[in-house]
Amino acid sequence: MGMDSQTKALIVGRLEQMVGPRAVLHRYEDLVAYECDGYTIHKGVPSIVVFPKSTQEVSDVVRLLHQNRIPYLPRGAGTGLSGGATALNGEVVISLVRMNKLLDVDYANRKAVVQPGFVNLKLSNSIASKGYYYAPDPSSQAACTIGGNVAENAGGAHCLKYGVTTNHVIGLELVLPDGEIVRIGGVPDAPGYDLLGFLTGSEGTMGIVTEITVRILRKPQGVLTVLALYDEVNDASQAVSDIISAGIVPAALEMMDRTAIEAVESGNYPVGYPSDLGAVLIVEVDGIAAGLQEQIERVMEVCRKHRVREVRQSRDPQERTRWWANRKTAFGAMGTISPDYMVQDGVIPRSKLPEVLARIGEVSSKYGLRIANVFHAGDGNLHPLILYNSMEDGEKERAVRAGSEVLKVCADVGGSITGEHGVGIEKMEDMRFIFTEEEMNAQMQVRDVFNPDNLCNPGKVFPKPARCVELKRSAPLIHSS
Ligand SMILES: Cc1cc2nc3c(=O)[nH]c(=O)nc-3n(C[C@H](O)[C@H](O)[C@H](O)COP(=O)(O)OP(=O)(O)OC[C@H]3O[C@@H](n4cnc5c(N)ncnc54)[C@H](O)[C@@H]3O)c2cc1C
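Let's talk about the nonpolar core
Thinking step 1. Membership of the largest hydrophobic core comes to 47 residues, with the highest contact counts inside it found for Tyr230, Ile243, Met255, Leu281 and Leu382.
Thinking step 2. Viewed by domain, this core spans two of them, domain 3 (220-337) and domain 4 (338-432), each represented by three or more residues.
Thinking step 3. Grouped together as the second largest cluster of nonpolar side chains are 32 residues, Ala23, Ile48, Val50 and Ile70 included.

Take a look at the structure:
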């Protein structure tokens, strides 16, 4: 799909006038690099990719596309795992990677202002020397952008204690789908509806975020980390549940099962875990130094109650860094044990971990595919990684069906189909596990207030035909303003 060649030539010409010829891609060989994000099951080559470098340029581009009824979508680093940044129907991609500046840091009021293409980890690195950091830490933080984090309401290992992106966004500048520039939030406890909360996690379907004000935090005085090795994944799951019910609030509580351990041990950051382990837990506590050792002792005590093989504190910061590097590169490490993998992202009540893991095991047997499990276990956020080989007939389709069935299991036990990766293209149909048709229609009506023509990231999040908002695409006219 996409535009006819004449319209495309006219639009490319107008975009080049707006942002400069070097900031517009329109040849197939350049566009194909943008055919998907981190979700590779579905692909679509955009008709144009444009790289604005200011809010005004984003607004000009959006206005042009809106006036000509041309669908488009925003894109950050393209690390999304649900297909949100994929131009399935040849949409124009508006890439925010040139808007990559740290605009302001206000230490006195503990906030920072960034452009949407600013890479997550760079924020913490930029303010570390003053003793501050930015808490949301997706494992992709060395690459993903804060604009993408806002769109997906990204989480991370340390979001258990500190909250996900929505808890750290205090102001947004947004280009609405007709090109109007608006500012939202910025004032503590502003009267009126919580639009910030509503826009954070809206997956690029409400407009394009062009500036973000975030909370920054003082680095904790102390951090202590424990590694617990288990023979049985069920014992590790029980320990997770008991740590939280003991009233301890770890900064992070992460788990990997046997298949995940096999992958990370063949990856770039092996720790040297024994090959017959059933599960590994990483538990971290942080805060004021007094009392931290006592907290970590309690954690270790709970771990010991569940037949732990070995539990110990990190000896030094280097060891802690090694444990985290190993955990945070778990997804990529799957490439060492499987030609392809699909990351799932469900949420369950923590107490259901043993039951859900058993059911994921059944799904794995049913479809004849290995499933590795990596979890932000403390908040019940599972990442089952379905391993498959796309060169084998039908395996990809089986992986997709297995993924959907895993999400059904999560929904059935009172959980959800997404913890942090969003719905995108991947989980549109799975929305039906959670919402009725009527509930989805109500949500689309809210979206339509911001995005009435559904030109901004169309065909995402909601299944068809929940309610098909047809694009009334008459022959595009090139407007001059
Ligand atoms: C190895 C790996 C590990 C990961 N670990 C985690 C993790 O621990 N936690 C987690 O939450 N996620 C994780 N992710 C997923 C991904 O990194 C996050 O969803 C991230 O927030 C996406 O940011 P991005 O800049 O790559 O956005 P993109 O992939 O480019 O876009 C994602 C969505 O945001 C929209 N979007 C992008 N920029 C804007 C903008 N400026 N305005 C409006 N909408 C916009 C896009 O249209 C799309 O719908 C991981 C991904 C990988 C590959």
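Considerations on the pattern of salt bridges
Thinking step 1. According to the stated counting rule, one finds 24 salt bridges in the structure shown.
Thinking step 2. Note that lysine 328 is salt-bridged to aspartate 137, the shortest N-O span being 3.1 Å. Residue lysine 328 is located in helix H11 (residues 317-328), and its partner aspartate 137 is located in the loop between strand E7 (132-133) and helix H5 (146-152); the two are separated by 191 residues in the primary sequence. Accessibility assignment for this pair places lysine 328 and aspartate 137 in one class, buried.
Thinking step 3. Measuring nitrogen to oxygen at the nearest pair gives 2.9 Å for the salt bridge that ties glutamate 319 to arginine 312.
Thinking step 4. Overall, glutamate 319 belongs to the buried group, its relative accessible area being 3%.
Thinking step 5. Judged by its relative accessible area of 22%, arginine 312 falls in the partly exposed class.
Thinking step 6. Via salt bridges that share partners, Glu310, Arg312, Arg315 and Glu319 belong to a single interconnected network.

Structural notes on the state of the cysteines
Thinking step 1. Taken as a whole, this structure holds zero disulfides when the rule is applied.
Thinking step 2. No disulfide involves cysteine 410; its nearest neighbouring cysteine sulfur is the one of cysteine 159, lying 19 Å away.
Thinking step 3. You can call cysteine 410 buried: its relative accessible area is 1%.

Section: the side chain of serine 124
Thinking step 1. Turning to its location among the elements, serine 124 is positioned in helix H4 (residues 120-127).
Thinking step 2. Beyond its immediate chain neighbours, meaning those up to four positions away, serine 124 contacts Tyr132, Tyr133 and Tyr134.

Some words on the site of the ligand
Thinking step 1. In the vicinity of the ligand, 34 residues are found, and the nearest of them are Pro74, Gly76, Thr79, Ser140 and Thr145.
Thinking step 2. One of the backbone N or O atoms of glycine 76 is found 2.7 Å from an oxygen atom in the ligand.
Thinking step 3. With respect to the ligand, the side chain of threonine 79 contributes an N or O atom lying 2.6 Å from an oxygen atom.
Thinking step 4. Taking 980 Å² as the accessible area of the ligand by itself, protein coverage stands at 94%.
Thinking step 5. Elements represented by at least two residues in the shell around the ligand include exactly strand E3 (72-75), H5 and strand E10 (208-215).
Thinking step 6. A per-class count over the shell around the ligand returns 13 nonpolar, 17 polar and four charged.

What counts, and where the lines are drawn
- Residues numbered from 1 in each chain as written.
- Predicted model: local features only at pLDDT ≥ 70, side-chain atom pairs only at ≥ 80, totals over all residues.
- Heavy atoms only, no water.
- Core = buried A, V, L, I, M, F, W, Y, C linked by side-chain atoms within 4.5 Å.
- Buried < 20%, exposed > 50% of the residue type's maximum accessible area, 1.4 Å probe, protein only.
- Domains from an automatic or database assignment.
- Salt bridge = Lys/Arg side-chain N within 4 Å of Asp/Glu carboxyl O.
- Helix = DSSP H or I, 4+ residues; strand = E, 2+ residues; numbered from the N terminus.
- Disulfide = S-S within 2.5 Å.
- Contact = heavy atoms within 4.5 Å.
- Near = heavy atom within 4 Å.
- Polar contact = N/O pair within 3.5 Å; in protein donor to acceptor, adjacent residues only side chain to side chain.
- Areas by Shrake-Rupley, 256 points an atom, 1.4 Å probe, with all protein chains shown as cover.
- Nonpolar A, V, L, I, M, F, W, Y, C, P; charged D, E, K, R; others polar.

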